[in-house]
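What follows is the residue order along each chain.
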Amino acid sequence: MRDVAIIGVGMIPFGRRDEDTLMDMLAYASLKALDDAGLGDKTVDAVYVANMGAALLQHQTAIASSLVDRLSLIPAAAEAIENGPASGASAVKNGLLAVASGYYDYVMVVGGEKMREVTGWRATDFVATMTHPLAEYVYGITLPGMAGMFTRLYMEKYGVTREQLISVAIKNQEMGALNPYSHVEMAITKEGIYDSPHSVVNNPPVADPLHLYDACPVSDGAAAVILCPLEMAKKFSKPPVLIAGFGQATDTQTLQEREDPTDLKAVTLAAQKAFDMAKLKPGDIHVAELHDAFTILEIAESEHVGFFKKGEGGKAAISGKTRLGGQIPINVSGGLKARGHPVGATGVAQVVEIVFQLRHELNKERQVKNAKNGLTVNFGGFGNNVLAFVLRRVEQ
Amino acid sequence: MKEIAIKAYKCKSCGKIHYPFHDRCLSCKGRDFEVVKPLGNGKLVTFTQIFNLPWGFDQRFLIIGIVEFENGIKAMGQIKVQSSEELRTGMLMKPSWEPVRVEQGENVFGLKLEPI
Amino acid sequence: MPVDMELEAVLRPPIIPMPPYPPKVITLANGKKLVVRQAAREDVPTILKGVYPCLFIERDYYDIVSARLYGELLAWYRYRVKSEYCLIGQIDGYLVGAVNGRLENEKVGMSYHTLAIDRGLRIGSHLFAAKMEYHMEIMGQEEVLIVAESPIGFRRWMIEYPLEKTNIPHELGGGDSYRLTQDIYNLAKPRLVVGDRPVPQELLDKAMDEIIIVDDDIIHEKIAGLKGR
């Protein structure tokens, strides 16, 4: 099995992109990544396209085939990968396996989603299709609803407070305001969303105990990476980033069938496998992109991957340990909360951000100093399909 | 009163209760199950009040929770209260089988819960 | 333009006297202070400058809402509509939103339009609620008739209050009106109507001094920007 490096990355600003079709966004991100890798006029051997909703929202299928045609990447092998909100990481994993196996040399992975084409009610329904049709979906449960029920249990078991959740929202929106690719570029204040009595209108409950500012926005966007064997990466001008380890694990689909619904076993297992493969420990990580579709998840994942003990993640967040300059900067990009969550694109965008960090390419206000090791966690379903990557800077 | 039409599955080898259906037991991978129905009342495990409903619902909010029945079956249902402030985890809920949504003009039945 | 006052007496509709709306200040999610106050007839030409660029923005029905708001405000300015009022929202003097409505009679109000120029801050929600506060509490009316032209409006008002459906057709020819009653208002008030009074003098002076309108491009970017909020 060969070592696999990332030699090119690209993404487009996330947000509401009415003027772009899904294929437009996938194409733009792909071209940026190809150009970044110096392959702007070349081809690749295989393409993996991450997407969850094209069939339902855009009434379009077989989008990988459509993309290679559009981008003149024919006759590359091509497939679309659907794994709910973890489609992005799944596609990266498939690209990684393709190169590691020795069967393919240059592989492009691109993830994209166009969710704002439909009204909020329909987008909510689309995301809810992940839940169990008979035992969950039929009741009108939504993903914020699942997160709300999870948060209530987490608060009862570990004493996580609303103020701790809010500190994550404030941190991520502050960082998002500095990220040109971010959907939400507005810093918020604790007064405006919590302390002031006016916060009842500014920050209403969406699925209590979660409020509006605990949830990520609905976004359009796309992100792409180019993979190749590490031994070939030295040819390229930018410092390669090695995918040092990966892990994936699943859990029960319904929340009710988990022994302890606050125990995100799939996150723990996926991260453990990634660390083991990379021969690194949580303490070795300098920067992380965790899946904060809801603020509670950033806190819970920071514990389950091993940055903090169970029950300490909220305290760590509110005391600044997860800020830029803190013990372990988490979601310096703004995370899903501010950068946005076009579901198919997110897993790829997380990798793109870590590559920016490990290449030391970012402005001072966003760059983690001397970052060498990074972690991504992409959460599918509601914690029932999780992927983690450990990425490492390769010194030339 | 309609019967609670939830079918749970008890593994004949190791006794583990499943709802919804699994072809193989989550504990021992066995394939033989006996059908069991929820017995008695449900203890509230967790709940939430959801605003921003999916397409197909006309009301302002939905209150949804998970209960554990007296014989170990756990299930999700809609809760008949005006606000989640009326609820506490651990409360006892009475189950019923009523319309929970309308799909293509037809009522879809499911589990509803009411505090005792 | 020369105006014949004798002719105007025939052309102008009667105005039901309205008590003034007491200004209030609201803290927004980003910490900024929104001053909500009543606009005077003389303010209309300035407000219209802020509404004008929205006439050409299709996104989220801004074009139709602003076209109608423009006409309504102009009608008020030229004395061609019964008992209309306009409340505006300002941040540091900048116009960020406007709402209007009129009185059908002493008991019944008619909500006209709600336009927010700065987005992602619930300014529309706050201003609409201020309108309802004006009808229900300040003027003591019994009910307000309301319609929504945009799905966002529909979600915020018809679903979130919630409002009662009626058979009364919309006066501009759209769907049937919905109704806000004292009962619905009082139940919804703790969740939906906020604000502090009195407005600190410095903030109020800034707001009353001048209604500042940002450039057309900034309005375009905030409402129809490439990256929505």
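Refer to the structure presented above.
Analysis parameters
Residues numbered from 1 in each chain as written. Chains lettered and ligands numbered in written order. Predicted model: local features only at pLDDT ≥ 70, side-chain atom pairs only at ≥ 80, totals over all residues. Heavy atoms only, no water. Contact = heavy atoms within 4.5 Å. Buried area = accessible area lost by both parts, 1.4 Å probe. Salt bridge = Lys/Arg side-chain N within 4 Å of Asp/Glu carboxyl O. Polar contact = N/O pair within 3.5 Å; in protein donor to acceptor, adjacent residues only side chain to side chain. Helix = DSSP H or I, 4+ residues; strand = E, 2+ residues; numbered from the N terminus. Nonpolar A, V, L, I, M, F, W, Y, C, P; charged D, E, K, R; others polar. Core = buried A, V, L, I, M, F, W, Y, C linked by side-chain atoms within 4.5 Å. Buried < 20%, exposed > 50% of the residue type's maximum accessible area, 1.4 Å probe, protein only. Patch = residues over 30% accessible without salt bridge, like charges linked within 9 Å, V, L, I, M, F, W, Y side chains within 5 Å. Areas by Shrake-Rupley, 256 points an atom, 1.4 Å probe, with all protein chains shown as cover. Pairing = 2+ DSSP bridges. Axes fitted to C-alpha atoms, helices over the stretch in contact; angles between N-to-C directions.

1. Details of the interface of chain A and chain B
In this complex, chain A contributes 33 residues to the contact, which on the side of chain B involves 37 residues. In total, about 2800 Å² of surface goes out of reach between chain A and chain B, with carbon and sulfur atoms giving 59% of it. Among the residues chain A hides against chain B, the three largest losses belong to A:Tyr139, A:Gln256 and A:Glu257. Together they make up 27% of the total. Put simply, chain A and chain B have one salt bridge between them. For B:Lys16, the salt bridge goes to A:Glu259, with nearest N and O atoms at 3.9 Å. Put simply, chain A and chain B have 15 residue pairs in polar contact (both at pLDDT 80 or more) between them. Those elements that place two or more of their residues in the side of chain A that touches chain B are α5 (120–128), α6 (143–158) and β5 (205–207) of chain A. The element contributing the most residues to the side of chain A that touches chain B is α6(A), with seven residues. A class-by-class count of the residues in the side of chain A that touches chain B yields 14 nonpolar, ten polar and nine charged.

2. A word on the nonpolar core
Counting residues in hydrophobic clusters, the biggest one holds 129 residues, and the most contacted among them are A:Met108, A:Leu375 and B:Leu111. Among the elements that make up this core, the one with the highest residue count is helix α1 (residues 22–36) of chain A (eight residues). Listed in part, the 58 residues of the second largest apolar core include A:Ile188, C:Ala39, C:Ala75 and C:Ala130.

3. A few points about a nonpolar patch on the surface
Residues and elements named next belong to chain C. A contiguous nonpolar patch, built from Met 1, Val 3 and Met 5 and spanning about 370 Å² of accessible area, is present on the exposed surface. Mapped onto the elements of the fold, Met 5 is located in helix α1 (residues 5–11). By relative accessible area, Met 5 is classed as exposed at 53%.

4. Digging into the sheet that holds strand β1 (residues 24–27) of chain C
By way of backbone hydrogen bonds, the strands of a sheet pair with one another, either parallel or antiparallel. Residues and elements named next belong to chain C. Spatially, the eight strands line up as an open sheet ordered β1-β2-β3-β4-β5-β6-β8-β7, and their pairing is mixed. Lying at the two open borders of the sheet, with one neighbouring strand each, are β1 and β7 (164–169). In this sheet, adjacent strand axes meet at a mean angle of 30 degrees when their direction is disregarded. In this structure, strand β5 (residues 108–116) lies alongside strand β6 (residues 143–146), joined through three bridges in parallel fashion. Looking across to β6, one finds that Val 108 is bridged to Glu 143. Contacts between helix α4 (residues 123–138) and the sheet are confined to β1, β2 (33–38), β3 (84–91), β4 (94–103), β5, β6 and β8 (176–181), with β5 contributing the most and set at about 160 degrees to the helix. Sitting on the sheet, helix α7 (residues 201–209) is in contact with β1, β2 and β3, with an inclination near 60 degrees to β2.

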